[in-house]
Amino acid sequence: GQVLLRVENLVKWFPITRGIIFTRTIGYVHAVDGVSFEIRRGETLGLVGESGCGKSTVGRTILQLHRPTRGRVIFDGVDLTQLKGGELRRMRRRMQIIFQDPYASLNPRMTVGQIIAEPLEIHGIARGKEARERVEELLRLVGLNPVFADRYPHEFSGGQRQRIGIARALALQPDFIVCDEPISALDVSIQAQIVNLLQELQERFHLTYLFIAHDLAMVRHISDRVAVMYLGKIVELADRIELYENPLHPYTQALLSAVPVPDPAVEARRQRIILRGEVPSPVNPPSGCRFHPRCPIAQEICKRVEPEWREVRPGHWVACHLAE
Ligand code: SF4
Ligand code: MG
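Residues numbered from 1 in each chain as written. Chains lettered and ligands numbered in written order. Predicted model: local features only at pLDDT ≥ 70, side-chain atom pairs only at ≥ 80, totals over all residues. Heavy atoms only, no water.

### A closer look at the sheet that holds strand S2 (residues 24-40)
- The 4 strands are arranged S2-S1-S4-S5 in an open sheet whose pairing can be described as antiparallel. Lying at the two open borders of the sheet, with one neighbouring strand each, are S2 and strand S5 (78-79).
- Where strand S1 (residues 3-18) meets strand S4 (residues 70-75), 5 bridges bridge the pair, whose relative direction is antiparallel. Across the sheet, the residue bridging to Leu5 is Phe75, located in S4.
- In this fold helix H1 (residues 55-62) packs onto S1, S2 and S4, with an angle of close to 115° to the strand it touches most, S1. (Pairing = 2+ DSSP bridges. Helix = DSSP H or I, 4+ residues; strand = E, 2+ residues; numbered from the N terminus. Contact = heavy atoms within 4.5 Å. Axes fitted to C-alpha atoms, helices over the stretch in contact; angles between N-to-C directions.)

Structure representation (structure tokens):
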């Protein structure tokens, strides 16, 4: 398919400051440190990594909710990092976000109808009776009863609130949605329902998703391709089946070894790869390969030389000196 979004060498550092009146910058959190990928129209790219690896920052920086430190974000041929004001707002209408905690992202003092209608009113698309009709249509689309429009977020379960968040994201008929851990806070029984809903909506409206999650099991069924992030960098990216069947980066292999396999015979024979230590601080990332202090197969070169991001077979990218 055609490329909808291209992220080129994206960098986002957050300054760490000291002092209250005379502040000085004493360092930077290297949240995202040179990330490149493409997402095709109608595709879902899964983005996986442990908390703090920078995956949410990638999502927010794409949407220009954070302005990047460096790099380009090209959406439908336009570099968003160069846009301001009205031009940026017009492009941003086509890009929405669904959050992990729908409750925290829904204003408790607004009715569901007001919450969903708000983007329509802000962008001058519909108000009054017309907005109300659109709200009811959106509620039906996400599998909720239109009478819910007059109720408040606290009256709903986690799964229902996530449906409300999805209805709000759909209000402006976007092309692209960042799904930032939309199922992580939900009961396992509800997770599949939300994934199914997102897939139905994707087909119906030809949506493109960046689907962020903290483990590989969560993105397995929804992703066309999967990218694995570690400490501000993408370390591996491949088609879903290729990534799960033939992971090449030791970090991906470790993450996959923690995903339970349904077949008990296979499960019993499996080797868990236990990583040493904790994720290092993103303020002073390790030299060479950032994964070297935890990598079970690290060599001398790994401490000194950063591995190149290379395509080892068609569509399968990895950053590791020892892959193949
Ligand atoms: Fe491990 Fe070295 Fe590969 Fe990094 S480059 S993942 S340290 S083997
Ligand atoms: Mg996050």
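There's plenty left to go through after this.
### Re the layout of surface pockets
- In this structure, the largest pocket occupies an estimated 470 Å³ of space.
- Taken together, 19 residues make up the lining of the largest pocket; nearest its centre are Arg92, Gln96, Pro119, Arg168 and Leu172.
- With 4 residues, helix H6 (residues 158-170) is the single largest residue contributor to the lining of the largest pocket.
- Residue composition of the lining of the largest pocket, by class: 9 nonpolar, 5 polar and 5 charged.
- For the second largest pocket, the calculated volume is near 350 Å³.
- What lines the second largest pocket is a set of 16 residues, among which Gln191, Ala217, Met218, Arg220 and His221 lie closest to the centre.
- Listing elements by their share of the lining of the second largest pocket, those giving two or more residues are helix H7 (188-205) and helix H8 (216-219).
- With 6 residues, H7 is the largest single contributor of residues to the lining of the second largest pocket. (1 Å grid on protein atoms, 1.4 Å probe; cavity = no way out; pocket = protein on both sides within 12 Å on 5 of 7 lines; lining within 4 Å. Points joined across faces, edges and corners; volume = space filled by probe spheres on them. Nonpolar A, V, L, I, M, F, W, Y, C, P; charged D, E, K, R; others polar.)

### With respect to the site of ligand 1
- The environment of ligand 1 is formed by 13 residues, the closest being Cys289, Cys295, Cys302, Cys320 and His321.
- When atoms are counted within 2 Å of each cavity's grid points, the one that captures over half of ligand 1 is the largest cavity.
- Here the residues of the shell around ligand 1 sort into 10 nonpolar, 3 polar and no charged. (Near = heavy atom within 4 Å. Sits in = over half its atoms within 2 Å of the grid points.)

### Some points on the packing of aromatic side chains
- In the structure shown here, the tally under the stated rule is 7 aromatic pairs.
- Summarising the aromatic geometry, the rings of Trp13 and Tyr28 are spaced 5.5 Å apart at their centres and angled 45° between planes, so their arrangement reads as tilted. Here Trp13, found in strand S1, pairs with Tyr28, found in strand S2; they are 15 residues apart in sequence, far enough to count as distant.
- Owing to a relative accessible area of 24%, Trp13 belongs among the partly exposed residues under this scheme.
- An angle of 65° between the planes, with centres 5.3 Å apart, marks the rings of Tyr251 and Phe291 as edge-to-face. Of this pair, Tyr251 sits in helix H10 (residues 250-257) while Phe291 sits in the loop between helix H11 (264-269) and helix H12 (300-304), and the two are 40 residues apart along the sequence.
- Taken together, the ring pairs in this structure connect Tyr230, Tyr251 and Phe291 into an aromatic cluster.
- Directly above the aromatic system of Trp13 lies the positively charged group of Arg70, at a separation of 5.6 Å from the ring centroid. (Phe/Tyr/Trp six-rings, centres within 6.5 Å; stacked < 30°, edge-to-face > 60°. Buried < 20%, exposed > 50% of the residue type's maximum accessible area, 1.4 Å probe, protein only. Lys NZ or Arg CZ within 6 Å of the ring centre and 35° of its normal.)

### Section: a nonpolar patch on the surface
- A contiguous nonpolar patch, built from Ile20, Ile21 and Phe22 and spanning about 490 Å² of accessible area, is present on the exposed surface.
- As for its placement among the helices and strands, Phe22 is situated in the loop between S1 and S2.
- A relative accessible area of 73% means that Phe22 is categorised as exposed. (Patch = residues over 30% accessible without salt bridge, like charges linked within 9 Å, V, L, I, M, F, W, Y side chains within 5 Å. Areas by Shrake-Rupley, 256 points an atom, 1.4 Å probe, with all protein chains shown as cover. Salt bridge = Lys/Arg side-chain N within 4 Å of Asp/Glu carboxyl O.)

### So, the sheet that holds strand S10 (residues 233-239)
- The 8 strands are arranged S6-S7-S8-S3-S9-S10-S12-S11 in an open sheet whose pairing can be described as mixed. For this open sheet the edge positions go to strand S6 (95-98) and strand S11 (310-313), each flanked by a neighbour on one side alone. Across the sheet, the axes of successive neighbouring strands diverge by a mean angle of 20°, strand direction being ignored.
- Examined bridge by bridge, strand S3 (residues 44-48) and strand S9 (residues 225-230) share 4 bridges and lie parallel to one another. Each bridged residue has a counterpart across the sheet, and for Val48 the counterpart in S9 is Val228.
- Sheet contacts for H6: S6 and strand S7 (176-180); angle to S6, the most-contacted strand, approximately 175°.
- In this fold H7 packs onto S3, S6, S7 and strand S8 (208-213), with an angle of close to 160° to the strand it touches most, S8.

### Considering the pattern of salt bridges
- Taken as a whole and judged by the stated rule, the model has 19 salt bridges.
- Its salt-bridge partner being Glu38, residue Arg6 comes within 2.9 Å of it at the nearest N-O pair. With Arg6 in strand S1 and Glu38 in strand S2, this pair connects stretches of sequence that are 32 residues apart.
- For Arg6, a relative accessible area of 31% puts it in the partly exposed group.
- A salt bridge links Arg72 to Glu8; its shortest N-O distance comes to 3.0 Å.

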